[in-house]
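Observations on the model geometry
If you want the building blocks of each chain, they are given just below.
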Amino acid sequence: MATELSRSTYLEKNVGDYPATVEIAGKLYEKVEDLRYGTNPHQPAAFYRPVNSNGAIGSMQILKNGKSGLSQTNLEDISGALNIVKYCEVPSCAVMKHVNPSGAAMGCPGESLLDVYKKARDADSRAAFGSVVAFNVPVDCETAKEIMSTFVECVVAPDFEDGVLEIFNDGETFKLNKHIRIIRCGDLKSLPRFRDEVSNSADTIKVLADGSLVIAAPLLTGIRSVDDLVPAHGSNSRCGEQKSTVECTEAQKQDLVFSWHVNLSVRSNGVVIVANGQTLAVGTGEQDRVGAIEQAIVKFKEKYTGTATLEGAVMSSDGFFPFEDGVEAAAKAGIKAIISPSGSLRDADVVKRANELGVALYHAPERIFSHH
């Protein structure tokens, strides 16, 4: 009769079995460390980086460890959060949970880093419990104190100002977070951002159930700034030539670009609703487009704890709208500008309906499905 292998026996047998180096697709990787576990506690794992690399993640420094080391999920959340803040030229924060952003924010004029962190956390403060928090600028003392007021797994940033590590190490005052992990990442500029940055980009590797591999180019974007926003257009026999004619504000355009960059790290089908540099809701993992929009709207109504409303907000969609119902659902909630890729046989119908509803519609140069 078969007996169940206990967790401790399973780990004792497998931890440390991973080799010092591995070669994949002609590239050599060196082991950084054996991990606390993989995705789940019964799955051993190890962390590797390319040999002779100086990447933002592979060269990160652990300044404060928790009760034990990092897990695979911690590393994936660190990667996903840095993948968001790398796009921002102003102080920004991403809160990552289970390889999806629960919230992200960029600084608006007059806002402190503390304000930015609160915006990112309060987009979905319930989901932010036990999250990974990333910044693109050094963390200051006021922000550190606010982080320590709720449970956070890891904080990763390019640096930490004087006195911040003392706050993160104060387990007596902040008992809930005494095991928080603090990490200094490498140079965020080493992370590729745009599709023309081929020299410093790395292929992605997906392992299938039988051990087969899919090696693919990384998911990057052609949208750098508001200058890359192109009004949507389409044509078909039903509607003829259609072009988006609704204008939106400069601030809404900035939010559209931010929403698009956040959506690169959202599991598809993904939609991201943004206002004033803050994600109001992230719809993720739905199998249909309008369902992702409806999910995001419900999440905003039930979980958002900030001061913004959906009226006048913007939205990104990682895939095209196959029908007009997605735009209709967004418009009904108050959303006034949307960015999505083109590619639907009904693009013209969607553009026409957006014009009728007073929604500015922009077409992105690529689809950004992310199937983690």
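Per chain, residues are indexed from 1 in the order of the written sequence. Two thresholds apply to this predicted model, a pLDDT of at least 70 for residue-level local features and 80 or more for giving and counting side-chain atom pairs, whereas whole-chain, interface and lining totals are computed over all residues. The side-chain figures draw on all heavy atoms in the structure; neither hydrogens nor water molecules are used.

Things to note about the layout of surface pockets
Here a cavity means grid points, on a 1 Å grid over the protein atoms only, where a 1.4 Å probe fits yet cannot get out; a pocket means an open set of points with protein on both sides within 12 Å along at least five of seven lines; lining residues are those with an atom within 4 Å of a point. Grid points are joined across faces, edges and corners, and a volume is the space filled by probe spheres set on the points. A volume near 390 Å³ is recorded for the second largest pocket. For the second largest pocket, the lining is made up of 20 residues, of which Cys88, Glu89, Val90, Met106 and Gln254 are closest to its centre. Note on residue classes: Ala, Val, Leu, Ile, Met, Phe, Trp, Tyr, Cys and Pro are nonpolar, Asp, Glu, Lys and Arg are charged, and everything else, Gly too, is polar. Looking at the lining of the second largest pocket residue by residue, the classes come out as 10 nonpolar, six polar and four charged.

Quick look at the packing of helix α8 (residues 325-333) against helix α9 (residues 347-357)
One way to put it is that α8 packs onto α9 with a least axis distance of 9 Å and a crossing angle of 15°. One finds that α8 runs roughly parallel with respect to α9. Here α8 runs over α9; the crossing is right-handed. Here Val327, Glu328 and Ala331 of α8 lie close against α9, whose contacting residues are Val350, Arg353, Ala354 and Leu357. Lines fitted to C-alpha atoms define the axes, with helix axes restricted to the stretch in contact, and inter-axis angles between N-to-C directions lie between 0 and 180 degrees. Only DSSP runs of H or I with at least four residues qualify as helices, and only runs of E with at least two residues qualify as strands; both kinds are numbered from the N terminus onward. Note on angle classes: values under 35 degrees are labelled roughly parallel, values over 145 roughly antiparallel, values of 65 to 115 roughly perpendicular, and the remainder oblique. For any helix crossing, the convention is left-handed if the near helix is rotated counterclockwise from the far helix by under a right angle, and right-handed if that rotation is clockwise. Whether two residues touch is decided by their heavy atoms; if any such pair falls within 4.5 Å, the residues are in contact.

Here we look at a nonpolar patch on the surface
Residues qualify for a patch when their relative accessible area is over 30% and they have no salt bridge, like charges being joined within 9 Å and the nonpolar side chains of Val, Leu, Ile, Met, Phe, Trp and Tyr within 5 Å. We get accessible surface area from the Shrake-Rupley algorithm with a probe of 1.4 Å; when it comes to residues, only the shown protein chains can shield them. A pairing counts as a salt bridge when a side-chain nitrogen of Lys or Arg comes within 4 Å of a carboxyl oxygen of Asp or Glu. Nonpolar side chains collect at one region of the surface, where Ile205, Val207, Leu213 and Ile215 lie side by side and expose about 330 Å² of accessible area between them. Elements supplying a minimum of two residues to the nonpolar patch: β10 (204-207) and β11 (213-216). Classification of Val207 as exposed rests on a relative accessible area of 53%. Working definition: with a 1.4 Å probe on protein chains only, accessible area under 20% of the residue-type maximum means buried, over 50% means exposed, and in between means partly exposed.

Here's the deal with α9
Along α9, the residues classified as buried are Asp347, Ala348, Asp349, Val350, Val351 and Ala354. On its buried face, α9 is in contact with β13 (233-236), β14 (240-243), α8 and β19 (360-364). Note on α9: the residue one or two positions beyond its end, Gly358, has a positive phi of about 75°.

Brief notes about the packing of helix α7 (residues 289-303) against α8
For the pair α7 and α8, the least separation of the axes is 8 Å and the interaxial angle reads 15°. By the angle class used here, α7 and α8 are roughly parallel. Crossing geometry of α7 relative to α8 is assigned as left-handed. For the pair formed by α7 and α8, the contact residues are Val290, Ile293 and Ile297 on the first element and Asp325, Gly326, Ala329, Ala330 and Ala333 on the second. In terms of residue class, the contact of α7 with α8 is made up of six nonpolar, one polar and one charged.

What to know about the pattern of salt bridges
A full pass over the atoms with the stated rule returns 20 salt bridges. One salt bridge connects Arg121 with Asp122, and the closest N-O pair in it is separated by 3.0 Å. Each of the two residues, Arg121 as well as Asp122, counts as buried. Here Glu356 ties to Arg353 by a salt bridge, and the two come within 3.1 Å at their closest N and O atoms. With Glu356 and Arg353 both in helix α9 and three residues apart, the pair spans about one turn of that helix. Taken together, the shared-partner salt bridges connect Arg238, Glu324, Arg346 and Asp349 into one network.

Some remarks on unusual backbone geometry
Cis geometry marks the peptide bond from Ser268 to Asn269, where omega comes out at -5°. Summarising the element assignment, Asn269 is placed in the loop between α6 (250-263) and β15 (271-275). Unusually for a residue other than glycine, Val99 sits at a positive phi of about 65°. Along the chain, the position of Val99 falls in the loop between β5 (92-97) and β6 (100-106).

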